[in-house]
Amino acid sequence: MAEATAPEHIDLVVFSSLFPSAARPGAGLFIRERMFRVARQRPLVVVSPQPWFPGQALIRRWRPDYRPHAPALEVQQGIRVYHPRFLSFPGVLRGLDGWSMACCSYGLLRRLKRQGARLIDAHFAYPDGEAATRLGRWLKLPVTITLRGTEVPHSRNPALRPRLARALRRATRVFAVSDSLRRLALELGTPTERTEVVGNGVDVARFHPVDRHEARVRFGLPADAQVLISVGGLVERKGMHRVIDCLPALLVRHPALHYLVVGSGGPEGDMRAELDAQVARLGLAGRVHFTGAVASDELKWPLSASDVFVLSTRNEGWANVFLEAMACGLPVVATDVGGNAEVVCRAELGSIVPFGDAAALTAALDSALDKPWDRAAILAYAEANQWDKRVAQLLRAFAPMLANPDAAPQPATVGKS
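Residues numbered from 1 in each chain as written. Predicted model: local features only at pLDDT ≥ 70, side-chain atom pairs only at ≥ 80, totals over all residues. Heavy atoms only, no water.

Asks: It is not clear to me how the packing of aromatic side chains should be interpreted in this structure. Could you clarify?
Replies: The geometry of an aromatic ring pair comes down to the distance between the two centres and the angle between the two planes. Across all of its chains, the model carries 5 aromatic pairs by this definition. Ring centres of Phe 19 and Phe 36 lie 5.8 Å apart, and the angle between their planes is 50°; this geometry places the pair in the tilted category. A residue pair is termed long-range when its members are at least 10 positions apart, and Phe 19 in the loop between strand E1 (12-15) and helix H1 (29-38) and Phe 36 in helix H1 qualify at 17 residues. Each member of the pair Phe 19 and Phe 36 is classed as buried. With a centroid separation of 5.7 Å and an interplanar angle of 40°, the aromatic rings of Phe 53 and Phe 89 are classed as tilted. (Phe/Tyr/Trp six-rings, centres within 6.5 Å; stacked < 30°, edge-to-face > 60°. Helix = DSSP H or I, 4+ residues; strand = E, 2+ residues; numbered from the N terminus. Buried < 20%, exposed > 50% of the residue type's maximum accessible area, 1.4 Å probe, protein only.)

Asks: When you look at the environment of Ala 397 in this model, what are you seeing that I'm missing?
Replies: Tracing the backbone through its elements, the reader meets Ala 397 in helix H16 (residues 387-403). For Ala 397 and Glu 196, which are 201 residues apart along the polypeptide, the C-alpha to C-alpha distance reads 9.0 Å. Contacts of Ala 397, omitting those with residues within four sequence positions, involve Arg 173, Phe 175 and Glu 196. (Contact = heavy atoms within 4.5 Å.)

Asks: Before we go on, may I ask you to explain the nonpolar core in this structure?
Replies: Where a protein is soluble and globular, its nonpolar side chains tend to be buried together. Ranked by size, the top nonpolar core spans 104 residues in total, and within it Phe 15, Leu 228, Tyr 259, Leu 303, Phe 309, Phe 322 and Met 326 carry the most contacts. With 7 residues, the top contributor of residues to this core is helix H9 (residues 240-253). Leave out the neighbours within four places in its chain, and Tyr 259 touches Leu 228, Ile 229, Ser 230, Met 240, Val 243, Ile 244, Leu 247, Arg 287, Val 288, His 289 and Val 310. Counting 22 residues, the second-largest nonpolar core is a separate cluster that includes Phe 19, Phe 36, Leu 44 and Phe 398. (Core = buried A, V, L, I, M, F, W, Y, C linked by side-chain atoms within 4.5 Å.)

Asks: What is the right way to read the packing of H1 against H16 from this model?
Replies: Pairs of packed helices are described in terms of their axes, by the angle between the two and the distance that separates them. It is at 9 Å that the axes of H1 and H16 come closest, and there the two elements cross at 65°. Once H1 is placed against H16, the crossing between them reads as right-handed. Listed contacts from H16 to Phe 30, Glu 33, Arg 34, Met 35, Arg 37 and Val 38 of H1 are Trp 387, Val 391, Leu 394, Leu 395 and Phe 398. Partitioned by chemical class, the residues of the contact of H1 with H16 number 8 nonpolar, no polar and 3 charged. (Axes fitted to C-alpha atoms, helices over the stretch in contact; angles between N-to-C directions. Left-handed = near helix turned anticlockwise from the far one by under 90°. Nonpolar A, V, L, I, M, F, W, Y, C, P; charged D, E, K, R; others polar.)

Asks: I would appreciate a short explanation of the sheet that holds strand E5 (residues 79-82) in the present structure.
Replies: In a beta sheet, neighbouring strands pair by backbone hydrogen bonds and run either parallel or antiparallel. The mixed open sheet is built from 8 strands, whose spatial order is E4-E5-E2-E1-E7-E8-E9-E10. Here the strands that pair on one side only, and so sit at the sheet edges, are strand E4 (73-76) and strand E10 (195-197). Each strand axis lies, on average, 25° off the axis of its neighbour in the sheet, ignoring direction. One ladder, built from 4 bridges, connects strand E7 (residues 119-123) with strand E8 (residues 143-147); its direction is parallel. Along E8, the bridge assignment pairs His 123 with Thr 146. Docked against the sheet, helix H7 (residues 179-187) engages E8, strand E9 (173-176) and E10, running at close to 170° with respect to E10. (Pairing = 2+ DSSP bridges.)

Asks: I keep staring at H9 and nothing clicks. Help me out?
Replies: Given 3.6 residues per helical turn, the α-helix brings residues three or four places apart onto the same face. Between its first and last C-alpha, H9 extends 21 Å over 14 residues, near the 20 Å set by a 1.5 Å rise per residue. Along its length, H9 reaches its greatest deviation from straightness, about 40°, at Leu 247, and the proline Pro 248 lies no more than four positions downstream. The set of residues buried in H9 consists of Met 240, His 241, Arg 242, Val 243, Ile 244, Cys 246, Leu 247, Leu 250 and Leu 251. Residues of H9 that are buried in the fold lie against strand E11 (226-231), strand E12 (257-262), helix H10 (272-281), strand E13 (288-292), strand E14 (308-311) and helix H14 (358-370). (Expected span 1.5 Å × (residues − 1). Bend = angle between axes of the 7 residues up to and from the residue.)

Asks: Explain the packing of helix H12 (residues 320-327) against helix H15 (residues 375-383) here, please?
Replies: Two elements in contact, H12 and H15, have axes separated by 8 Å at closest approach and are oriented at 130°. Regarding the angle of H12 to H15, the classification is oblique. Seen from above, H12 lies across H15 with left-handed handedness. Touching Leu 323, Met 326 and Ala 327 of H12 are Ile 378, Leu 379, Tyr 381 and Ala 382, all from H15. For the contact of H12 with H15, a count of residues per class yields 7 nonpolar, no polar and no charged. (Parallel < 35°, antiparallel > 145°, perpendicular 65-115°, else oblique.)

Structure follows, in structure tokens:
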């Protein structure tokens, strides 16, 4: 789609292959939440490269959700969002994704530089950060990379680990949504002075308690029920199946217990069929409720219908949904992975259990259902972690790079590839 008006001046380019679009409205909402708030102070555009290969449309004939086609250009809340395509074959040659993403975005980034762009702000170290640092070198622009959690499994991959390290060392500044990810960046050789933790935030105007009775009526839950809730993709990593395994034991002590599962399948897969079979096998029909995906603006309703939020996740950076649940007054039970313990950092907010310890998870949920929580303290913690504080921190970090890109700290010199 061609731009109908003269290009507007911009300060920075947000670079992330995961970003909401008409094709995938729920993808990367946490990035948009953060960066569109930055846009109120610094004009920006978004470049969200999309994987493509010849014949891709044929696969969608029997897999309609496979790599849905995003428009070349969208305008979201007055901000341009570009979706250039890059060559990416499924299952093969994926190690070239960073290079391909950079090459296919180069012409667009060059044009955006002429419109004033002085900084590339990338999200996820691979392949996005790798591509962004290449573009930064080619266009002589500083680059920031935000680590969001995928870097943990990538760092365990012998083929990807050196790529992560190289991208991070080439970045002008590395942000991490949790201190655990910042420590990973240091382990990969990023200079300490170039790292900074900028956690996620919450919009308390969107996430807040609403009438519990009305909320329960919406989801067909009994007024006197005790309700656990999980929100996330129906994939192995998020661990809804691990929570379902705990329910038979919990029902012995909490006979009015119900479990609300909010989410659907996505790029990582779709476990809905397996979860349905698990529910049937354990005799939990009528106790586990799958709502499907719920829009962010409506998420306060299932959260307000519930008593305890739980996510038995295998890996996280900084889960926004924890703060969203807390903003609705819920304590959180989560696994001790990634930055979870940094969010659920006090006993008055919930509890953290070892990953893979079903007995510990069951005990924590049992205790959480019995405990008289101080909901006001939980709400106050969410209030203290609103987006405005995070955005102010980012703007301070961006300022010297935007003021004089040529004077920005120079990244470490590593290889020419």
